[in-house]
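Topology and contacts: notes
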2 protein chains.
Amino acid sequence: MSQKWTYSFGGGAAEGRSTMRNLLGGKGANLHEMSAIGLSVPPGFTLTTEVCTHFVASKGDYPDGLNDQVNAAIAKLETIMGAPFGGGADEGKVLLLSVRSGARASMPGMMDTVLNLGLNDEAVEILAAETGDGRFAYDSYRRFVQMFGDVVLGVDHYHFEDLLEDYKLDHALTLDTDLTVDDWKALLPKYIGAIEKQTGNPFPQDPRQQLWAAIGAVFHSWTNKRAQTYRMLHDISDEWGTAVNVQAMVFGNMGDDSATGVCFTRNPSTGENMFYGEYLVNAQGEDVVAGIRTPQPLSNSEKERSSLHLPSLEELMPKLYAELDDVRHALERHYSDMQDMEFTIQKGKLWILQTRGGKRTTKAALKIAVDMVSEGLIDSNEAIRRIEPSHLDQLLHPTLDPKAPRDILGQGLPASPGAAFGKLVFTAKAAEEWAERGEAVILARVETSPEDISGMHVSKGIITTRGGMTSHAAVVARGMGKPCISGMGDITVNVKDKTLTAMGVVLKEGDLVTVDGSAGQLMRGTVPTVEPEFSGDFGTLMGWADQVRRLGVRANAETPTDAKVARGFGAQGIGLARTEHMFFDPERIIHMREMILASDEQARRVALDKLLPYQRQDFSQLLSIMEGLPVTIRLLDPPLHEFLPDQPADIENVAKALGVSAEDIIRRSKDLHEFNPMLGHRGCRLAITYPEIYEMQTRAIFEAAADLVKSGHTIYPEVMIPLVADREELTRLKALVVKTADAVLAEQGVELSYHVGTMIELPRAALQAGEIAKDAEFFSFGTNDLTQTTYGLSRDDAGRFLQIYREKGVMQFDPFVTIDQAGVGELVKIGTERGRAERPGLKVGICGEHGGDPASIHFCHDTGLDYVSCSPYRVPIARLAAAQAALGGDVKTNA
Amino acid sequence: MSQKWTYSFGGGAAEGRSTMRNLLGGKGANLHEMSAIGLSVPPGFTLTTEVCTHFVASKGDYPDGLNDQVNAAIAKLETIMGAPFGGGADEGKVLLLSVRSGARASMPGMMDTVLNLGLNDEAVEILAAETGDGRFAYDSYRRFVQMFGDVVLGVDHYHFEDLLEDYKLDHALTLDTDLTVDDWKALLPKYIGAIEKQTGNPFPQDPRQQLWAAIGAVFHSWTNKRAQTYRMLHDISDEWGTAVNVQAMVFGNMGDDSATGVCFTRNPSTGENMFYGEYLVNAQGEDVVAGIRTPQPLSNSEKERSSLHLPSLEELMPKLYAELDDVRHALERHYSDMQDMEFTIQKGKLWILQTRGGKRTTKAALKIAVDMVSEGLIDSNEAIRRIEPSHLDQLLHPTLDPKAPRDILGQGLPASPGAAFGKLVFTAKAAEEWAERGEAVILARVETSPEDISGMHVSKGIITTRGGMTSHAAVVARGMGKPCISGMGDITVNVKDKTLTAMGVVLKEGDLVTVDGSAGQLMRGTVPTVEPEFSGDFGTLMGWADQVRRLGVRANAETPTDAKVARGFGAQGIGLARTEHMFFDPERIIHMREMILASDEQARRVALDKLLPYQRQDFSQLLSIMEGLPVTIRLLDPPLHEFLPDQPADIENVAKALGVSAEDIIRRSKDLHEFNPMLGHRGCRLAITYPEIYEMQTRAIFEAAADLVKSGHTIYPEVMIPLVADREELTRLKALVVKTADAVLAEQGVELSYHVGTMIELPRAALQAGEIAKDAEFFSFGTNDLTQTTYGLSRDDAGRFLQIYREKGVMQFDPFVTIDQAGVGELVKIGTERGRAERPGLKVGICGEHGGDPASIHFCHDTGLDYVSCSPYRVPIARLAAAQAALGGDVKTNA
């Protein structure tokens with residue numbers, strides 16, 4: 001027996017169910033389901049996705065047995081509907097069909113729908129006779145010809161529109177509704193003529209020929225360029241294929257007892273539990289979305305809110321409205337989710353054409369999930385699964401008023417979400433000066449460096465013409481919760497002239513611009529923003545998430561502001577406090593530079609002694625804000641040349657301030673110059689050569705800690721050594737830290753337990769994790785650097801060609817955003833296993849950018865890590881993603 | 001029963017053997033061995049290395065039972081020698097002892113020897129009476145006091161020398177031999193007084209106290225700074241400890257029937273099988289090396305060669321000479337190796353004091369090994385084991401005449417061996433100009449870049465002030481077989497002024513200098529060089545090595561010269577032909593630059609078409625030189641910015657030549673600028689973005705190949721794709737290569753089998769090797785880049801701090817020289833295993849610098865690689881190391 005290629009539904013039964021999504025596609029599976037539970041669905045059948053796979057593989061052939069199965073399915077349809085496909089003059093009845101694509105996941109870019117299929121020069125007369133409405137029949141026929149010509153035969157719709165416009169002009173007609181049956185009759189040969197001229201073939205009159213052409217067009221569209229691109233961008237496999245749904249036509253345009261509409265079982269913007277939708281009397285579905293006629297509200301309550309005073313369906317057809325409302329409740333109960341439905345009323349009979357999970361705003365998603373738990377429709381675990389963690393981002397930042405007009409200047413990467421407006425400045429220094437005068441500023445740079453930190457701190461938003469989603473600007477901005485657009489390749493920033501050129505417009509310092517970091521858009525002038533609001537639903541859901549998750553969630557934070565934000569968002573400690581940002585403050589950097597320019601250890605110690613009080617204060621603040629929670633402090637990491645000035649004027653100033661010559665500074669900068677600073681003299685390598693730096697930092701940490709302990713605080717400092725490649729590095733530096741810490745605690749007469757651990761951020765460290773764990777009391781995977789070294793890929797440089805990799809489909813994801821499980825992930829696993837084999841129960845976390853990425857968080861959970869650490873604004877996202885990971889499996893969607 | 005801490009030998013028996021080196025030390029084990037086989041060795045006993053370990057661990061304590069065992073051993077000695085230790089007035093005899101250190105491996109920096117121990121104010125009189133030679137007795141006593149004071153008690157020897165000088169002045173004496181017994185008697189209290197003044201303690205008169213002080217001094221010296229440093233530099237474990245040998249004194253200074261000497265069983269410079277050594281009549285061992293008296297030749301044949309006409313031992317004491325010659329043959333037969341011996345003749349009796357494997361030149365080592373095989377002393381495998389592969393380097397390059405004086409200007413790293421002199425130039429361009437005029441030039445740079453290649457090619461030697469053993473200059477120079485000194489931090493090169501400043505001397509362009517790349521020394525003026533000679537022994541040994549080894553040896557070569565050298569040295573193909581060096585030729589680089597500056601693919605193709613004929617010619621030459629052998633051609637690897645000019649004048653010239661503006665070039669350079677070019681847009685990433693580059697290169701390879709095949713050549717081209725991180729990259733580029741290659745072969749009507757493979761040079765590629773092997777037909781581990789990425793360490797930048805790592809002992813080896821087995825090596829293993837699991841029999845090689853390093857070659861053998869590829873001048877080294885690896889175990893030495 002041949003394989004089963006078609007599945008029928010209708011007449012209160014179905015061969016498929018909603019669980020057969022992979023075989024029947026999303027739309028098809030739901031049609032079967034609705035039919036199976038007894039809803040009034042126009043009968044039909046589904047050609048499975050396996051037919052598509054066969055069609056694509058064989059370059060256009062159908063599998064054996066399909067033709068017979070389709071004929072049988074049509075025969076079944078004809079029986080249910082009591083009408084022959086393409087019409088029988090004898091019966092005086094005609095069965096028309098719709099043909100729709102329906103892939104596993106919703107997928108724009110493919111052929112969508114052909115309606116009224118089966119009409120031809122004979123059938124249209126039968127339909128006219130059957131319905132007693134010649135105009136309806138010929139309007140249906142011309143709609144079919146136009147739609148079939150356009151989507152199946154590829155004849156551009158403007159051909160038909162031109163013909164219609166000409167006809168209207170010639171006959172002094174304005175609206176489509178002005179055309180009579182004779183007008184449509186006259187137009188039809190012109191339409192068909194246009195098609196035959198364009199295609200060189202006669203328009204198919206045979207209904208089965210029409211059907212197979214439509215089916216073939218759907219399968220063909222699976223491989224078209226737009227669909228391929230969409231699949232690449234959305235990680236949809238080419239192998240999945242699409243199903244085709246063939247269904248009996250029902251008509252909402254058979255008079256005033258007919259109607260058609262779309263509706264949501266709850267409000268998709270707010271999540272309120274009210275029936276929400278719109279409809280049109282005497283219309284086909286396309287009319288509702290076409291916008292020519294104004295759709296009417298579904299319910300009375302909606303009508304009250306609207307200012308249009310159009311009659312609601314509840315008023316106009318109360319019985320049918322009640323029936324539809326029953327369906328609404330039935331579907332919600334059945335699917336346990338908010339549904340997006342389409343319905344048609346044909347001569348007083350309600351038909352449900354489609355249902356699917358309704359798209360909704362994040363705010364609505366939260367409310368619906370929480371409400372459904374209290375309504376008993378779902379449990380709290382299911383509510384957790386319902387929210388896409390990354391969507392929470394929308395809620396946590398100011399956003400642009402969606403209603404406000406936007407004068408868009410350019411598009412870049414949405415590097416850090418949120419929105420802000422302010423006056424353009426081009427240097428960090430200018431940012432500080434303008435900000436001191438109370439101005440809101442947007443900092444525009446080619447790229448940012450650690451020297452720009454203080455300028456970034458006072459800016460409302462940041463844009464860079466270079467760099468990717470994980471460039472310095474992007475990472476720092478996300479950490480600060482400021483909107484940022486990076487990689488705006490189409491705009492030019494000229495720091496010397498203080499101009500920004502975009503789309504031919506030249507903006508000067510002080511000109512107003514608006515940054516939408518969520519969309520990656522730069523706008524001219526001011527676009528009003530909306531502040532975030534946290535509903536009770538947010539707190540409720542987060543509470544559930546916290547109960548479920550196993551992974552801890554910490555924050556990467558080093559300023560008191562960031563630490564407070566992080567704690568407010570529920571961070572369970574700091575997983576990464578970078579100590580170097582603390583040195584860029586103007587009154588500190590001078591001592592840092594003095595240290596770097598020092599000729600010997602003694603001179604370095606003099607400079608370090610001046611930095612000590614500042615660092616002590618930094619650590620005191622961080623530790624007290626995070627009271628009761630662990631704070632992981634990473635000792636100095638970046639290469640020293642990052643701290644030296646590079647502009648002649650700055651060099652002159654620094655030279656004057658330090659009493660050295662400009663040449664000294666230039667020479668030292670040259671000495672420190674590196675070809676590949678990422679792989680250079682940084683991290684623990686600095687401390688192997690200049691141990692006194694880490695000694696000072698350790699002293700600062702434990703002096704701060706001792707003071708806090710004496711005043712009754714409970715603190716958990718963790719000292720982290722970066723860039724360890726070999727155990728020996730850690731052995732020596734741990735000994736230095738322990739010796740210094742214990743000396744300080746003894747001096748202060750304080751007892752305090754603390755831990756010394758390391759970043760695992762080099763492939764060698766992951767491989768040598770067993771050895772390293774002999775000294776390390778915790779591991780934190782620095783997956784940013786680990787990704788750079790594992791791939792041999794500089795994130796500062798990769799922006800341009802990674803883009804091409806993505807476009808060409810060579811790379812399916814950005815490894816700096818989502819952890820590369822096959823390579824970097826294996827090293828994380830190896831490192832964790834070997835570390836724990838040596839030191840059972842070793843605490844292992846991750847503090848790269850991946851710590852805030854839901855897919856990466858799933859990986860961290862599966863790998864058995866103890867915590868993730870991410871930027872403060874991603875803490876709620878991480879809490880939710882960690883909960884979903886704990887619940888296991890893929891996140892459920894039926895959209 | 002207590003552990004055995006002492007082992008006795010002498011009187012034709014011994015408790016130890018030469019195999020007990022770890023317990024008895026090298027010297028001790030050989031003393032036991034000689035005693036056991038019946039040679040005349042002064043009896044004695046050895047305190048084991050375990051005593052030392054106990055002593056160090058307990059900070060100066062001796063193990064229980066040691067004292068009794070020492071006493072028993074001394075008693076045994078007294079019995080054999082028939083004299084009591086420290087003398088007995090009754091017997092009228094005295095036993096004196098020597099105390100010597102003896103670690104497992106020969107180790108300078110430790111306390112060496114105390115002689116005549118046991119003498120005191122009484123014993124000296126007994127000795128005088130016993131020998132009837134008061135002067136001898138008191139001379140022996142003062143030697144003992146001085147030596148004991150110096151090496152055991154730490155009283156600087158100048159104290160004694162001053163006293164002696166004063167005494168001679170006061171008494172108008174010139175030579176030591178002028179002093180009488182009374183003079184020595186008068187001096188002795190002064191010596192002892194000096195010691196007591198310096199130490200604050202009386203000089204020990206008790207012989208056992210003397211003995212324990214000397215033993216303690218040896219053990220103490222194990223932990224002194226010099227010994228520690230030596231161990232660190234020579235990979236000797238602190239745990240090994242040293243043994244102490246206590247032995248009965250014999251005297252070569254008891255009159256004209258006494259003598260002492262050192263000898264080698266064969267000539268250590270040439271390897272000739274002749275007895276080689278020198279001796280002095282009536283002298284102690286120290287006199288032979290002190291250089292005050294001129295030592296005399298041992299044999300008549302040596303005497304004939306010498307111009308000194310001093311009587312030989314063979315003449316003077318023919319019977320004893322014959323006895324010594326017997327010992328010589330016995331020891332060579334016994335140890336199967338050339339020996340370095342010390343002997344003493346006391347009143348007509350021959351005593352052998354020491355034997356050990358003799359140090360020899362590489363030339364001698366080769367001759368001795370090959371000769372011993374024909375003499376039946378060893379087999380050819382043992383001969384292979386006897387040569388340290390890295391020492392072959394000496395034979396392969398010109399060297400400085402060792403007799404010529406050197407006016408040394410500075411010291412750097414011995415980056416590439418060999419020697420050369422020439423006129424100083426400071427730019428590659430100047431090198432080419434001077435060379436065209438027929439001048440020999442030495443190129444001095446701060447550091448070199450690929451732009452300097454052609455200038456390096458015409459230079460006789462290269463020096464750089466920056467960079468390490470694996471800097472660009474070092475790697476390229478080794479590949480070219482040219483001497484190079486890198487990292488000459490103490491000299492300053494000023495390119496603008498065309499000066500080099502070293503030790504206050506300023507040299508100008510055109511000044512003569514000499515480079516010794518083997519020693520890392522730069523000399524002023526001309527030092528004559530000696531050309532290498534290859535003896536038949538070299539060829540014989542290499543032939544044996546080739547029969548034994550399993551690993552193939554290829555060369556990294558891209559010029560015809562290099563390829564010819566490599567083939568001459570026995571390379572079995574090319575493992576890495578870098579195609580980019582070919583683009584730096586002046587008439588080519590202009591097209592390369594045109595390609596880089598091109599605005600679209602069409603314009604790039606126009607420029608690439610101009611490069612095609614050059615590349616075709618390159619490949620044609622390489623493939624025909626390597627006829628019958630595989631040639632692995634790596635497609636373009638470096639980032640494009642390396643090809644653009646950076647000097648204003650060059651930019652102007654290039655702009656003119658290409659008909660673009662200088663600004664265009666500067667802008668493009670800026671566009672291409674990368675923060676971490678090592679991790680940037682290079683390797684296969686270039687070809688994913690610009691496939692036409694690899695397409696042209698593939699076409700050039702296969703057009704050249706087709707021509708060769710047509711003219712009857714047998715060639716094996718292998719196309720290698722660099723920097724693959726993910727299979728998809730290789731899949732696409734292999735498809736491009738295969739499509740292009742097959743098209744060319746079809747055009748030309750030629751059949752040719754070829755392979756497409758990849759470098760494994762990123763950690764991710766090693767981890768993903770299973771996937772990658774689905775496409776790759778061979779792997780070549782690029783361990784240079786793999787080391788950089790695994791360690792996160794840029795070899796261009798690491799020079800300075802790696803030096804500090806080495807000095808502080810944080811790193812025991814340079815991972816760019818010897819493969820890091822724990823990290824990089826694990827990735828090589830993983831990559832090999834996973835690759836072969838997917839594609840059984842996958843050919844796997846290594847083409848990093850490690851391919852020429854013996855320790856790394858052992859690793860490659862053990863890991864099951866198919867071949868190593870190294871620079872042409874290291875091919876013989878690799879062949880030998882591969883043979884040693886195949887023979888297994890550590891290389892045997894008894895030195």
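Before any of the text, the structure's been laid out above.
Here the structure is a predicted model, which means the values were calculated and not measured.

1. Some remarks on the overall build of chain A
- Looking only at helices and strands, chain A has 35 helices and 32 strands in total.
- Here the C-alpha coordinates of chain A stretch approximately 110 × 60 × 55 Å along the principal axes.
- Taken over 895 residues, chain A has a buried fraction of 58%.
- Put simply, of all contacts in chain A between residues at least 6 apart along the chain, 67% involve residues at least 24 apart.
- Total accessible area on chain A stands at roughly 34,100 Å², and carbon and sulfur atoms take up 50% of it.
- The distance from the centre of the 89 positive side-chain charges to the centre of the 122 negative ones in chain A is 3 Å.

2. Points about the sheet that holds strand β21 (residues 505–508) of chain A
Residues and elements named next belong to chain A.
- With respect to topology, three strands assemble into an open sheet ordered β19-β20-β21, the strand pairing being antiparallel. Each edge of the open sheet carries a strand with a single partner, namely β19 (492–494) and β21. For this sheet, the mean inter-axis angle between neighbouring strands, taken without regard to orientation, is 20 degrees.
- Bridge count between β19 and strand β20 (residues 499–502): three bridges; the pairing is antiparallel. Counted as the bridge partner of Asn494 is Thr499 from β20.

3. Brief notes about the packing of aromatic side chains
- Counted under the stated rule, the structure contains 34 aromatic pairs over all chains.
- Taken together, a centroid distance of 6.0 Å and an interplanar angle of 75 degrees make the contact between Phe144 of chain B and Phe203 of chain B edge-to-face. In this pair, Phe144 of chain B sits in helix α5 (residues 134–152) while Phe203 of chain B sits in the loop between α7 (181–199) and α8 (207–222), placing the two residues 59 residues apart along the sequence.
- By relative accessible area, which is 0% here, Phe144 of chain B ends up buried.
- For Phe203 of chain B, a relative accessible area of 5% puts it in the buried group.
- Each ring, one from Phe779 of chain B and one from Phe781 of chain B, has its centre 6.4 Å from the other, and the planes form 85 degrees; the classification is edge-to-face. The pair formed by Phe779 of chain B and Phe781 of chain B is uniform in burial state, with each residue classed as buried.
- Among the aromatic residues, ring-to-ring pairing joins Phe55, Tyr62, Trp212 and Phe219 of chain A into one connected group.
- Here Arg437 of chain A stacks its cationic end above the ring of Trp434 of chain A, 4.8 Å away from the centre of that ring.
- One Lys or Arg, Lys349 of chain B, reaches over the ring of Trp351 of chain B and ends 4.5 Å from the middle of that ring.

4. Here we look at the interface of chain B and chain A
- Opposite the 50 residues of chain B that make contact, chain A presents 50 residues.
- Of the roughly 4,500 Å² buried between chain B and chain A, counting both surfaces, carbon and sulfur atoms make up 54%.
- Ranking the residues of chain B by area buried against chain A places Phe675, Leu679 and Arg764 of chain B at the top, with a combined share of 15%.
- The tally of links between chain B and chain A comes to four salt bridges.
- The partner of Arg834 of chain A in a salt bridge is Glu826 of chain B, with the nearest N and O atoms 2.5 Å apart.
- At the junction of chain B and chain A, the tally comes to 33 residue pairs in polar contact (both at pLDDT 80 or more).
- Taken together, the elements giving at least two residues each to the side of chain B that touches chain A come down to α25 (662–672), α26 (684–689), α28 (727–748), α29 (763–767), α31 (783–791), α32 (799–808) and α33 (821–838) of chain B.
- In terms of residue class, the side of chain B that touches chain A is made up of 20 nonpolar, 13 polar and 17 charged.

Criteria and thresholds
Residues numbered from 1 in each chain as written. Chains lettered and ligands numbered in written order. Predicted model: local features only at pLDDT ≥ 70, side-chain atom pairs only at ≥ 80, totals over all residues. Heavy atoms only, no water. Helix = DSSP H or I, 4+ residues; strand = E, 2+ residues; numbered from the N terminus. Buried < 20%, exposed > 50% of the residue type's maximum accessible area, 1.4 Å probe, protein only. Contact = heavy atoms within 4.5 Å. Areas by Shrake-Rupley, 256 points an atom, 1.4 Å probe, with all protein chains shown as cover. Lys, Arg positive; Asp, Glu negative; His and termini not counted. Charge placed at Lys NZ, Arg CZ, Asp CG, Glu CD. Pairing = 2+ DSSP bridges. Axes fitted to C-alpha atoms, helices over the stretch in contact; angles between N-to-C directions. Phe/Tyr/Trp six-rings, centres within 6.5 Å; stacked < 30°, edge-to-face > 60°. Lys NZ or Arg CZ within 6 Å of the ring centre and 35° of its normal. Buried area = accessible area lost by both parts, 1.4 Å probe. Salt bridge = Lys/Arg side-chain N within 4 Å of Asp/Glu carboxyl O. Polar contact = N/O pair within 3.5 Å; in protein donor to acceptor, adjacent residues only side chain to side chain. Nonpolar A, V, L, I, M, F, W, Y, C, P; charged D, E, K, R; others polar.

Don't take any of this as a statement about function, it's just geometry.
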